[in-house]
Amino acid sequence: MRPFFPVFPPDDPDPIGLILADGYSRQIPGNTHAEANALANFRAKYAELVKTSIASSPTLSTSASTMATSASTTRSVLTAESHGTLPSVEDVLRDSDCYATMEPCSMRTSGGPSCALELVRAHVKRVYLGVEEPPDFVQCEGVRILEEGGVEVRRVGGLEEECLKAARRGRS
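Counting starts from 1 at the beginning of each chain's written sequence and moves along it residue by residue. In view of the model being predicted, local features appear only for residues whose pLDDT reaches at least 70, and side-chain atom pairs are presented and counted only at 80 or more, with totals across whole chains, interfaces and linings using the full set of residues. Side-chain numbers come from the whole structure's heavy atoms, not from hydrogens or water.

Peer 1: Please set out the overall build of the protein chain residue by residue, giving values where relevant.
Peer 2: A tally of helices and strands in the protein chain yields six helices and four strands. Tracing the protein chain from N to C terminus, the helices and strands come up as α-β-α-α-β-α-β-α-β-α. The rule is simple: take the accessible area with a 1.4 Å probe, protein chains only, and divide by the maximum for that residue type; under 20% is buried, over 50% is exposed, in between is partly exposed. Across the 172 residues in the protein chain, those meeting the buried criterion constitute 41%. Working definition of accessibility: Shrake-Rupley area with a 1.4 Å probe, residue cover restricted to the visible protein chains. Of the accessible surface of the protein chain, which amounts to about 9,500 Å², a share of 56% is contributed by carbon and sulfur atoms. Here a helix means four or more residues in a row that DSSP labels H or I, a strand means two or more in a row labelled E, and each is numbered from the N terminus.

Peer 1: I'd love a proper account of the pairing of strand 3 (residues 126-131), names of residues and values included.
Peer 2: Among the six residues that make up strand 3, six are buried, leaving the element largely enclosed by the rest of the structure. DSSP-based pairing: two strands are paired if at least 2 bridges between them are found. Looking at chain direction, strand 2 (residues 96-102) and strand 3 are connected through five bridges and run parallel. Bridge pairing in strand 3 places Asp97 opposite Arg126. Handedness rule for crossovers: strands pointing away from the viewer, path from the first strand over the helix to the second running clockwise, crossover right-handed. Of the crossover connections in this fold, the one passing from strand 2 over helix 4 (residues 115-121) to the parallel strand 3 is right-handed. With respect to chirality, the unit in which strand 3 leads through helix 5 (residues 142-148) into the neighbouring parallel strand 4 (residues 152-155) is right-handed.

Peer 1: Tell me about the side chain of Asp97, residues and numbers included.
Peer 2: Structurally, Asp97 can be placed in strand 2. In terms of polar contacts, Asp97 uses its side chain to reach the side chain of Arg126, at 2.7 Å. Nitrogen and oxygen atoms within 3.5 Å of one another constitute a polar contact, given that in protein one can donate a hydrogen and the other can accept it, and given that sequence-neighbouring residues count only through two side-chain atoms.

Peer 1: So what's going on with the nonpolar core? Which residues, and what values?
Peer 2: Formed by 26 residues in total, the largest nonpolar core has its most connected members in Phe42, Tyr46, Leu93, Leu119, Val127, Leu129 and Leu146. Contributions of two or more residues to this core are made by helix 1 (34-56), helix 3 (89-94), strand 2, helix 4, strand 3 and helix 5. Counting residues per element, this core draws most heavily on helix 1, which supplies five residues. Nonpolar cores are built from buried Ala, Val, Leu, Ile, Met, Phe, Trp, Tyr and Cys residues. Side-chain atoms within 4.5 Å join them into one set. If you look at the next biggest cluster of nonpolar residues, it comprises five residues, including Val131, Phe137, Cys163 and Ala167.

Peer 1: Let's hear about the pattern of salt bridges: which residues, and what values?
Peer 2: Where charged atoms of side chains with opposite charge meet at close range, the side chains can pair. In the sections that follow, a salt bridge refers to a side-chain nitrogen of Lys or Arg positioned within 4 Å of a carboxyl oxygen of Asp or Glu. Taken as a whole and assessed by the stated rule, the structure comprises nine salt bridges. Arg94 is paired through a salt bridge with Asp91; the nearest N and O atoms lie 2.6 Å apart. Taken together, the residues Arg94 and Asp91, both in helix 3 and three residues apart, mark about one turn of the helix. The closest approach of N and O atoms between Glu141 and Arg144, which form a salt bridge, is 2.6 Å. Assessed through its relative accessible area of 37%, Arg144 is described here as partly exposed. Salt bridges sharing partners connect three or more residues here, namely Asp97, Arg126, Glu152 and Arg154.

Put into C-alpha coordinates, the structure is as follows:
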(Lines give C-alpha, C1' and ligand atoms only; values in the text may rest on other atoms or scores of the structure.)
Protein backbone atom coordinates (compact mmCIF):
# COMPACT_ATOMS: atom_id res chain seq x y z
CA MET A 1 0.00 0.00 0.00
CA ARG A 2 2.97 2.30 0.47
CA PRO A 3 2.98 3.51 -3.18
CA PHE A 4 -0.60 4.75 -2.75
CA PHE A 5 -0.25 6.70 0.51
CA PRO A 6 2.26 9.31 1.71
CA VAL A 7 4.49 8.33 4.60
CA PHE A 8 5.26 10.15 7.84
CA PRO A 9 8.13 10.69 8.26
CA PRO A 10 8.96 10.50 4.54
CA ASP A 11 12.51 9.15 4.99
CA ASP A 12 11.47 6.33 7.33
CA PRO A 13 12.15 2.95 5.65
CA ASP A 14 9.61 1.22 7.93
CA PRO A 15 6.07 1.26 6.44
CA ILE A 16 4.54 2.23 9.78
CA GLY A 17 3.01 5.69 9.63
CA LEU A 18 1.28 5.74 6.27
CA ILE A 19 -0.93 8.80 6.04
CA LEU A 20 -4.17 7.27 4.83
CA ALA A 21 -6.18 10.48 4.45
CA ASP A 22 -6.69 13.94 5.78
CA GLY A 23 -9.72 16.10 6.18
CA TYR A 24 -10.71 19.53 7.34
CA SER A 25 -13.96 21.27 8.19
CA ARG A 26 -16.07 22.28 5.18
CA GLN A 27 -13.73 20.35 2.83
CA ILE A 28 -16.68 18.38 1.44
CA PRO A 29 -19.75 20.51 0.55
CA GLY A 30 -22.19 21.07 3.37
CA ASN A 31 -21.63 21.53 7.07
CA THR A 32 -18.93 18.86 7.21
CA HIS A 33 -16.32 18.28 9.89
CA ALA A 34 -12.67 17.28 9.69
CA GLU A 35 -12.79 13.73 11.12
CA ALA A 36 -15.84 12.69 9.08
CA ASN A 37 -14.18 14.12 5.97
CA ALA A 38 -10.93 12.24 6.66
CA LEU A 39 -12.90 8.99 6.98
CA ALA A 40 -14.84 9.71 3.76
CA ASN A 41 -11.63 10.64 1.93
CA PHE A 42 -9.91 7.45 3.05
CA ARG A 43 -12.85 5.24 2.11
CA ALA A 44 -13.02 6.83 -1.35
CA LYS A 45 -9.27 6.51 -1.91
CA TYR A 46 -9.25 2.91 -0.66
CA ALA A 47 -12.20 1.98 -2.89
CA GLU A 48 -10.25 3.39 -5.86
CA LEU A 49 -7.18 1.39 -4.81
CA VAL A 50 -9.28 -1.77 -4.61
CA LYS A 51 -10.84 -1.11 -8.01
CA THR A 52 -7.39 -0.49 -9.55
CA SER A 53 -5.99 -3.61 -7.89
CA ILE A 54 -8.84 -5.79 -9.11
CA ALA A 55 -8.52 -4.42 -12.65
CA SER A 56 -4.79 -5.12 -12.73
CA SER A 57 -5.00 -8.53 -11.05
CA PRO A 58 -8.06 -10.67 -11.82
CA THR A 59 -7.08 -13.08 -9.03
CA LEU A 60 -7.12 -10.36 -6.37
CA SER A 61 -9.93 -10.74 -3.88
CA THR A 62 -11.01 -8.15 -1.34
CA SER A 63 -14.06 -6.83 0.46
CA ALA A 64 -14.26 -3.08 -0.11
CA SER A 65 -16.80 -0.94 1.37
CA THR A 66 -8.91 7.55 8.12
CA MET A 67 -5.64 8.48 9.59
CA ALA A 68 -2.30 6.74 10.01
CA THR A 69 -1.50 3.05 10.26
CA SER A 70 0.10 1.31 13.18
CA ALA A 71 2.54 -1.61 13.09
CA SER A 72 0.02 -4.45 13.17
CA THR A 73 -2.03 -3.04 10.28
CA THR A 74 1.10 -2.61 8.22
CA ARG A 75 2.06 -6.23 8.88
CA SER A 76 -1.43 -7.47 7.97
CA VAL A 77 -1.45 -5.33 4.82
CA LEU A 78 1.96 -6.61 3.77
CA THR A 79 0.90 -10.20 4.48
CA ALA A 80 -2.34 -9.69 2.56
CA GLU A 81 -0.50 -8.12 -0.37
CA SER A 82 1.96 -11.01 -0.51
CA HIS A 83 -1.00 -13.39 -0.82
CA GLY A 84 -2.71 -11.31 -3.53
CA THR A 85 -5.43 -9.78 -1.37
CA LEU A 86 -6.03 -6.46 0.30
CA PRO A 87 -7.50 -6.19 3.78
CA SER A 88 -10.98 -4.74 4.01
CA VAL A 89 -11.30 -1.02 4.63
CA GLU A 90 -12.73 -1.95 8.05
CA ASP A 91 -9.61 -3.95 8.92
CA VAL A 92 -7.36 -1.03 8.00
CA LEU A 93 -9.44 1.47 10.00
CA ARG A 94 -9.57 -0.90 12.98
CA ASP A 95 -5.83 -0.44 13.44
CA SER A 96 -5.59 3.23 12.48
CA ASP A 97 -4.95 6.37 14.49
CA CYS A 98 -6.64 9.74 14.01
CA TYR A 99 -4.80 13.00 14.66
CA ALA A 100 -7.26 15.80 15.42
CA THR A 101 -6.55 19.47 16.02
CA MET A 102 -9.57 19.65 18.30
CA GLU A 103 -11.81 17.18 20.10
CA PRO A 104 -14.17 15.43 17.67
CA CYS A 105 -17.72 16.76 18.00
CA SER A 106 -20.28 14.94 20.10
CA MET A 107 -23.36 16.43 18.42
CA ARG A 108 -24.12 17.75 14.93
CA THR A 109 -26.59 20.60 14.64
CA SER A 110 -27.01 19.55 10.99
CA GLY A 111 -28.49 16.27 12.18
CA GLY A 112 -25.73 13.94 11.00
CA PRO A 113 -23.80 11.58 13.27
CA SER A 114 -21.13 13.16 15.44
CA CYS A 115 -17.49 12.83 14.45
CA ALA A 116 -16.77 11.03 17.73
CA LEU A 117 -19.48 8.48 16.93
CA GLU A 118 -18.19 8.09 13.35
CA LEU A 119 -14.71 7.29 14.72
CA VAL A 120 -16.19 4.77 17.18
CA ARG A 121 -18.23 3.12 14.40
CA ALA A 122 -15.08 2.93 12.25
CA HIS A 123 -13.32 1.18 15.17
CA VAL A 124 -10.38 3.58 14.97
CA LYS A 125 -7.76 2.46 17.47
CA ARG A 126 -6.84 5.81 19.02
CA VAL A 127 -7.31 9.54 18.64
CA TYR A 128 -4.61 12.10 19.38
CA LEU A 129 -6.07 15.48 20.40
CA GLY A 130 -4.34 18.83 20.15
CA VAL A 131 -6.96 20.45 22.38
CA GLU A 132 -10.37 19.69 23.82
CA GLU A 133 -13.32 21.70 22.54
CA PRO A 134 -13.45 25.03 24.40
CA PRO A 135 -16.68 25.80 26.26
CA ASP A 136 -17.32 28.92 24.17
CA PHE A 137 -17.73 26.71 21.06
CA VAL A 138 -20.17 24.04 22.27
CA GLN A 139 -20.56 21.73 25.24
CA CYS A 140 -18.67 18.75 23.79
CA GLU A 141 -18.54 15.19 25.04
CA GLY A 142 -16.43 13.76 22.21
CA VAL A 143 -13.74 12.38 24.51
CA ARG A 144 -16.35 10.58 26.61
CA ILE A 145 -18.02 9.08 23.51
CA LEU A 146 -14.66 7.91 22.16
CA GLU A 147 -13.53 6.35 25.43
CA GLU A 148 -16.87 4.68 26.10
CA GLY A 149 -16.75 3.35 22.52
CA GLY A 150 -13.38 1.70 23.09
CA VAL A 151 -11.23 4.30 21.33
CA GLU A 152 -8.07 5.28 23.19
CA VAL A 153 -7.71 9.06 23.56
CA ARG A 154 -4.30 10.68 23.91
CA ARG A 155 -3.92 14.37 24.58
CA VAL A 156 -0.91 16.00 22.94
CA GLY A 157 0.45 18.58 25.36
CA GLY A 158 2.04 21.85 24.37
CA LEU A 159 -0.02 22.50 21.23
CA GLU A 160 -3.17 23.90 22.83
CA GLU A 161 -2.62 27.56 21.87
CA GLU A 162 -1.76 26.75 18.25
CA CYS A 163 -4.71 24.36 17.93
CA LEU A 164 -7.15 26.88 19.40
CA LYS A 165 -5.81 29.59 17.09
CA ALA A 166 -6.41 27.33 14.08
CA ALA A 167 -9.86 26.33 15.34
CA ARG A 168 -10.92 29.94 15.92
CA ARG A 169 -9.82 31.08 12.44
CA GLY A 170 -12.90 32.27 10.59
CA ARG A 171 -15.16 32.29 13.66
CA SER A 172 -16.78 35.56 14.62
